[in-house]
Amino acid sequence: MSWTALYASFFATMAFGILFNVPRKSLFTGGLVGMLGWAVFVTLTVNLEIDTITATLFAAFSVATISQILARFYKMPVTVFSIAGIIPLVPGGMAYATIRQFIENNYTEGVRLGTITLLMAGSIAFGLIFSGVITETFSRKKGASKPNLSGR
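Residues numbered from 1 in each chain as written. Predicted model: local features only at pLDDT ≥ 70, side-chain atom pairs only at ≥ 80, totals over all residues. Heavy atoms only, no water.

### Quick look at the pattern of salt bridges
- Counted by the stated rule, this structure contains two salt bridges.
- With its nearest N and O atoms 3.0 Å apart, the salt bridge here joins Glu-104 to Arg-100.
- For Arg-100, a relative accessible area of 45% gives the class partly exposed.
- Note that Glu-109 and Arg-112 form a salt bridge whose closest N and O atoms lie 2.7 Å from each other. With Glu-109 and Arg-112 both in helix α6 (residues 107-144), this residue pair falls three residues apart, about one helical turn.
- With relative accessibility at 29%, the residue Glu-109 sits in the partly exposed group. (Salt bridge = Lys/Arg side-chain N within 4 Å of Asp/Glu carboxyl O. Buried < 20%, exposed > 50% of the residue type's maximum accessible area, 1.4 Å probe, protein only. Helix = DSSP H or I, 4+ residues; strand = E, 2+ residues; numbered from the N terminus.)

Following this line, the structure appears as structure tokens:
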């Protein structure tokens, strides 16, 4: 894994955080979240040779889970960390390649790339949702185990 790619993902995440008007005190931490997501993606695809769709799912889940933890720690909305944190995972380059294939009349390749692009986008959405569901489930179990001391 290249340090240049990690730095680029860090600064890209911070730049999108600025665009999304996140609080200044969370820009650095948000950059680390994006860098972590990219590191998970690259580690899974390059080192462990897992396909990009599955790697995107795990990376998005990692971003969302860390975002949930940081949101509670910093007392901020989860989206402050998660929205900018998934930016390095968005398959924008692949979407461009898909459109280019269609423009060049390579419809078979365009459909193939488009399918992969949509599956990667779905993996991002599913990773974010799955993390939220798991976090909510554990939060409810934790809260349900407390006795009701209010007398009601």
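### Description of empty space enclosed by the protein
- Summed over the entire model, instances satisfying the criterion amount to one cavity of 30 Å³ or more.
- Considering only enclosed or pocket space, the largest cavity measures out at about 40 Å³ in volume.
- Breaking the lining of the largest cavity down by element, the ones donating at least two residues are α1 (3-19), α2 (27-47) and α4 (79-85).
- Classifying every residue of the lining of the largest cavity by side-chain character gives five nonpolar, five polar and no charged. (1 Å grid on protein atoms, 1.4 Å probe; cavity = no way out; pocket = protein on both sides within 12 Å on 5 of 7 lines; lining within 4 Å. Points joined across faces, edges and corners; volume = space filled by probe spheres on them. Nonpolar A, V, L, I, M, F, W, Y, C, P; charged D, E, K, R; others polar.)

Note that all results are geometric; they support no functional claim without further evidence.
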